[in-house]
Amino acid sequence: MAFIDEITLHIKAGDGGNGVVGWLHESNREYGGPVGGDGGRGGHVYVRAVRALNLLARYKTEKNFAAERGYDGGSKDLHGAKGKDLHIDFPIGSIITNNETSEKVYLSQDGEEVLLLKGGGGGRGNKSFKSPTNRRPEQWTPGRPGGEADFFIEVELIADIGLIGLPNAGKTTLLNHLTNAKGKIGAYPFTTLEPNLGDANGYIISDIPGLIEGAAEGKGLGHKFLRHVRRTKILVHLVSVEQENPVAAYTIIRKELENFDPELAQKKEITVLTKTDLIEDPAVLERMVAEMKKATPVVTTLAIFDDAQVKELRDMLIKEIVGVSQSGR
Ligand SMILES: Nc1nc2c(ncn2[C@@H]2O[C@H](COP(=O)(O)OP(=O)(O)OP(=O)(O)O)[C@@H](O)[C@H]2O)c(=O)[nH]1
Ligand SMILES: [Mg+2]
C-alpha cells in the first residue's frame, strides 16, 4: 500500500451567522419593539486520531475542508442555529502544523480529539441593542469569520516492528510474506521509495527504503524515513547472504542508526540473514551465522520460499513484541 506521509490542506471553521433587524408586529400596536435575533456561531473544526494508517491518501483529491456557517438570526426573536462542527480524521501519529501561526497539534492516542479551529461568533440582532435610551435600535452586526489556515500534516509512522537493511536485502519481500502488504519487490536497489505497512495479527510492520552509508546525513532515501522507525518497538535488521562480508554490511547500518539517533541503536534488534537458499553448503551458512553472532546476539536465517521458516520468524517476532510491550518500553 502506498503510503503518503505529508500533505497540505486548507481548513476553515464556519463563519458566524449575521444578526438581523426585526420588529414585533402586533395588531393593537403601531410600533412593536425590536425582535431581530442573534446569529448562530459557525461550526468548530476538530481533528481526531484514528487507527487507519493510510488515511492521508484519502486527502489526495480533497484538499479543502470547511465547517458549516452559523445561521442568521430570525426576525421573530429567534437565535440562529449553530453551524455543524466538522471532525476530520487523521492517522495516529499525525503532526498538524498551522502554516500561519506555526502552532502544532500532535495526535498520538487512538480516538483523541483536539479543537483545531474555532467557529466565528454569531452577530447581534437589533433586539440585543435595545436599551432605555435606544428603544428602536436599527443596529445589527454581521457574524465573525471562522478561523482559517493552511495546515501541513505529516505522519510519523507508529509501527510496532521496523524492517531495516541495505537496499535489496529482501525487506519488502519479507513484509509481504509476514503481512497483508503488497509492496513492490525488485531485484535492484531502491525498489521501495516510501515505507510500506502491513498488519501481522494486529501488529503493524513497516519496511523502509534501503539505507546506505551516509543515510543519517541524508544520503539515499534513508534520512527521510529513519524517523519512521524511531517509534517502533523492535528492529528487524535484514542482511543478505549475497553480501561479500555480511558483518560489514550489518555494521554500516548500525553506524547509520547511531548517527541518526543513539536511542534508535538501543532498540531491541533481531538480525536475519536472508536469501539463504543461495548458499549450497550448510557449513558456509553456519560460519556466517557464527560470525554475525559475534556482532549481535540474536541472529536467525531465512529463505523466503520456506513457509515453515517464515512462520517461525513471524511467531518469534510476535512473541518478542508482546515481551517488549509488557516490559513497558
Ligand atoms: N533467492 C532469494 N531471493 C530473495 C529472497 N528474498 C528476497 N529475494 C529477492 O531479492 C530481491 C530484493 O527484494 P526486495 O524485497 O525488493 O528487497 P528490499 O530490501 O525491499 O529492497 P529495497 O526496497 O530496494 O531496499 C528481489 O528480487 C527478491 O525476489 C530469498 O529468500 N531468496
Ligand atoms: Mg523494498
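Owing to the predicted nature of the structure, the values given are computational and were not obtained by experimental measurement. (Residues numbered from 1 in each chain as written. Chains lettered and ligands numbered in written order. Predicted model: local features only at pLDDT ≥ 70, side-chain atom pairs only at ≥ 80, totals over all residues. Heavy atoms only, no water.)

A. Local environment of the domain arrangement of the protein. Domain assignment breaks the protein into domain 1 (6-155) and domain 2 (161-326). On a C-alpha basis, the centres of domain 1 and domain 2 stand 49 Å from each other. Taken together, both faces of the contact between domain 1 and domain 2 bury some 410 Å²; the carbon and sulfur share is 53%. Counting across the domain 1 and domain 2 interface gives zero salt bridges. Inspection of the region where domain 1 meets domain 2 yields zero residue pairs in polar contact (both at pLDDT 80 or more). The residue makeup of the side of domain 1 that touches domain 2, split by class, is two nonpolar, one polar and two charged. (Domains from an automatic or database assignment. Buried area = accessible area lost by both parts, 1.4 Å probe. Salt bridge = Lys/Arg side-chain N within 4 Å of Asp/Glu carboxyl O. Polar contact = N/O pair within 3.5 Å; in protein donor to acceptor, adjacent residues only side chain to side chain. Nonpolar A, V, L, I, M, F, W, Y, C, P; charged D, E, K, R; others polar.)

B. Here's a closer look at the site of ligand 1. In the region of ligand 1, 22 residues are neighbours, and Lys171, Thr173, Phe190, Thr191 and Thr192 sit closest. The contact in question runs from an oxygen atom of ligand 1 to an N or O atom on the backbone of Ile304, over 2.9 Å. Contact with the protein chains covers 88% of the free accessible surface of ligand 1, which is 650 Å². Taken together, the residues of the shell around ligand 1 break down into eleven nonpolar, eight polar and three charged. (Near = heavy atom within 4 Å. Areas by Shrake-Rupley, 256 points an atom, 1.4 Å probe, with all protein chains shown as cover.)

C. Region of the structure containing the sheet that holds strand β9 (residues 161-165). Within the open sheet, the six strands sit side by side as β10-β11-β9-β12-β13-β14. Their pairing is mixed. The open sheet has two edge strands with one neighbour each: β10 (197-200) and β14 (299-302). Here the strands of the sheet are splayed against their neighbours by 25° on average, with no regard to which way each runs. In the packing of helix α1 (residues 171-178) onto the sheet, the strands contacted are β9, β10, β11 (203-207), β12 (234-240) and β14, and the crossing angle to β11 comes to about 160°. (Pairing = 2+ DSSP bridges. Helix = DSSP H or I, 4+ residues; strand = E, 2+ residues; numbered from the N terminus. Axes fitted to C-alpha atoms, helices over the stretch in contact; angles between N-to-C directions. Contact = heavy atoms within 4.5 Å.)

D. Representation of the coordination of the magnesium ion (ligand 2) within the structure. The magnesium ion (ligand 2) binds to the protein through Thr172 (OG1) and Thr192 (OG1), with metal-donor distances spanning 2.0 to 2.1 Å. Residue Thr172 is found in helix α1, and its partner Thr192 is found in the loop between α1 and β10; the two are separated by 20 residues along the sequence. Comparing Thr172 with Thr192, the two get one shared label, buried. (Donors = N, O, S within 2.8 Å, 3.2 Å for Na, K, Ca; no water. Buried < 20%, exposed > 50% of the residue type's maximum accessible area, 1.4 Å probe, protein only.)

E. View of unusual backbone geometry. Here Ser102, not a glycine, exhibits a phi torsion of approximately 65°, which is positive. Within the fold, Ser102 resides in the loop between β5 (94-98) and β6 (104-107). Classification of Ser102 by relative accessible area gives exposed; the value is 51%. Within the chain, Asn168 stands out as a residue other than glycine whose phi angle is a positive 75°. For Asn168, the location among the structural elements is in the loop between β9 and α1. With relative accessibility at 26%, the residue Asn168 sits in the partly exposed group.

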